[in-house]
Each structure stands twice: as structure tokens, then as C-alpha cells.
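Results of the structural survey
Residues per chain, in single letters:
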Amino acid sequence: MGPLLFLSCFGLFVLRMAPTIALEDGGEFATAAATLSLTHPPGYPLYALLGRLALLLPAGDPAFRLSLLSAACIALAVALLARLARAAAGAPSAAAAACALAFALEPAVALHAALPEKYALNLAFACAIGWMLRRGEARPLSLAALLAGLSLSHHLQTLYLAPAAARVGARARLRARNAALLAALVLLGLS
């Protein structure tokens, strides 16, 4: 279900994609990726680095290539959201996929999937962190902490996940040493 959902959403987003610089901060992000510079605060250095990799794709102009990155990030978020809905709510595969597709077609989400914008990467981080927090096991918690740090270095919206992470940590009854390790991994991701 996940790969098929990813590919179908990615294809749909590519069909709706702007061929060049469009709304919002697209020109600024395309310039930042091409020159490895920073944008308006907080600078989005992680997005600039990933954007630089996207610029290696042999398709369209720089803004279009960054839009491909946005489409891939939101398609990944949709696939992870379907898996999360299935695991957390016990929803059947078809219902979880329908829920995720409804999310993908929501106008604001679909818009940010078609533009060179920072929110797509943040959405992928949020869904990945949610997927890893679902069980409260040590290894996924460690990876979730590292991703949370990376995500916080990108955009502070990740702080909205803090109550869920605190609940998972309380349920897992983390020892002080493990909690300190998770905090260190968040800081590592921030650096």
C-alpha cells in the first residue's frame, strides 16, 4: 500500500506542479539551494542542502526541481500517514489509504506539494516522527528524537508534537539515562 500510495500521490502532484517560480518563497528557496545560502529567518539550512541535491536532477529549471522535492516529501508524508492510521486506529488498509488521500487532496497540502516550499519537508518529518512514536519502543524513539532535532532545525512547527512525545515517553517509563540520550539525539539533530 505505501509505495503505491507514494507513487500515485507523487504523480498527481507532478501533474499540478508549477513549471517555474510561483507563489510564496519559491525564488528565494531556489536561490538558496543553488548558492547554498540562507533564506529569511530561520534560514532553512536543511532545506537548502536537500534542495541542492534536488538541483542535480536533470529536469526543468531550479524551482521545478525544488517542487519535485516538495512533491516527494508530501507523497512520503501521505504514505506514512496511511501506515500510521492503520497502526494507531486499527483501520483497514483501504480506509487508511482513503484517509491519507483525503489529506493529500486538501487544498493547502496539495498547493504546497506543487511549489518549492519549506512546509512539505516539515510535513514529512512530522509524519515520520508520528510513525516512530506509535509504539514507544527504544530504537524508534531514538530515531524519532534525531528526526525531531533535524525537524526543529528546519521549522519550529515540530514543537506541536511535543505533547505526543511526552505522553509516549511517560508511557514507556524511560529511565533518566534513556531520557538524557533522547535529549542528546534531539540536540545532535539540531546541530
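Residues numbered from 1 in each chain as written. Predicted model: local features only at pLDDT ≥ 70, side-chain atom pairs only at ≥ 80, totals over all residues. Heavy atoms only, no water.

Attention now goes to the overall build of the protein chain. Check the secondary structure of the protein chain and you find ten helices and zero strands. Considering only contacts within the protein chain whose residues lie at least 6 apart along the sequence, 69% involve residues at least 24 apart. Counting only carbon and sulfur atoms, one obtains 70% of the accessible surface of the protein chain, whose full area is about 9900 Å². (Helix = DSSP H or I, 4+ residues; strand = E, 2+ residues; numbered from the N terminus. Contact = heavy atoms within 4.5 Å. Areas by Shrake-Rupley, 256 points an atom, 1.4 Å probe, with all protein chains shown as cover.)

What follows is about unusual backbone geometry. Phi angles above zero are rare outside glycine, and Leu36 is one such case at about 50°. If you trace the backbone, Leu36 turns up in the loop between helix H2 (26–35) and helix H3 (45–54).

The first and last C-alpha atoms of helix H4 (residues 62–89) sit 40 Å apart over 28 residues, in line with the 40 Å expected at 1.5 Å per residue. Gly90 lies just past H4 and shows a positive phi near 65°. (Expected span 1.5 Å × (residues − 1).)

Turning our attention to the packing of aromatic side chains. Describing an aromatic ring pair means giving the distance of the ring centres and the angle of the ring planes. By the definition in use, this model includes three aromatic pairs. Measuring from ring centre to ring centre gives 6.1 Å for Phe6 and Phe10, while their planes differ by 5°; the resulting arrangement is stacked. Of this pair, Phe6 and Phe10 both sit in helix H1 (residues 2–15), four residues apart, which is roughly one turn of the helix. The exposure class of Phe10 is partly exposed, given its relative accessible area of 24%. Geometrically, the ring pair formed by Phe29 and Tyr47 is edge-to-face, given 5.1 Å between the ring centres and 70° between the ring planes. (Phe/Tyr/Trp six-rings, centres within 6.5 Å; stacked < 30°, edge-to-face > 60°. Buried < 20%, exposed > 50% of the residue type's maximum accessible area, 1.4 Å probe, protein only.)

Where H1 meets helix H5 (residues 93–104), the axes come as close as 12 Å, and the angle between the chain directions of the two elements is 20°. The orientation of H1 with respect to H5, classified from their angle, is roughly parallel. Between H1 and H5 lies a crossing whose hand is right-handed. Of H5, the residues touching H1 (which contributes Leu5, Cys9 and Phe13) are Ala97, Ala100, Leu101 and Ala104. In terms of residue class, the contact of H1 with H5 is built from seven nonpolar, no polar and no charged. (Axes fitted to C-alpha atoms, helices over the stretch in contact; angles between N-to-C directions. Parallel < 35°, antiparallel > 145°, perpendicular 65-115°, else oblique. Left-handed = near helix turned anticlockwise from the far one by under 90°. Nonpolar A, V, L, I, M, F, W, Y, C, P; charged D, E, K, R; others polar.)

Turning to its location among the elements, Cys127 is positioned in helix H7 (residues 119–133). Between the C-alpha atoms of Cys127 and Ala77, which are 50 residues apart in sequence, the distance is 5.5 Å. Setting aside anything within four residues of it in sequence, one finds Cys127 in contact with Ala77, Leu80 and Leu81.

Here we take up H7. In this model, H7 (15 residues) spans 21 Å end to end at C-alpha, consistent with the 21 Å of a helix rising 1.5 Å per residue. Most of H7 sits out of view: twelve of its 15 residues are buried. Turning to H7, its buried residues number three or more, namely Ala120, Leu121, Asn122, Ala124, Phe125, Cys127, Ala128, Ile129, Gly130, Trp131, Met132 and Leu133.

Another point: the side chain of Thr39. Looking at the element boundaries, Thr39 is found in the loop between H2 and H3. Taking the relative accessible area as the measure of exposure, Thr39 reaches 12% and is therefore buried. Every residue in contact with Thr39, bar those within four places of it in the chain, is listed here: Glu28, Phe29, Ala32 and Tyr44.

So, about the nonpolar core. Cys9, Phe13, Tyr47, Leu66, Ile74 and Val78 are the most contacted members of the largest nonpolar core, which totals 43 residues. In terms of residue count, H4 provides more of this core than any other element does, 13 residues in total. Apart from residues lying up to four places away in sequence, Val78 is in contact with Leu5, Cys9, Ala100, Leu101, Phe103 and Ala104. (Core = buried A, V, L, I, M, F, W, Y, C linked by side-chain atoms within 4.5 Å.)

Moving on: the side chain of Arg65. One can find Arg65 in helix H4. When neighbours within four sequence positions are excluded, Arg65 is seen to be in contact with Ala54, Leu55, Leu57, Ala59 and Gly60.

The next thing to look at is the confidence of the model for the protein chain. Summing up the model confidence of the protein chain, the mean pLDDT is 80 and the portion of residues at 70 or higher is 81%. Per-element averaging of pLDDT across the protein chain places helix H10 (residues 176–190) at the bottom with 60 and H1 at the top with 91. (pLDDT = per-residue confidence, 0-100.)

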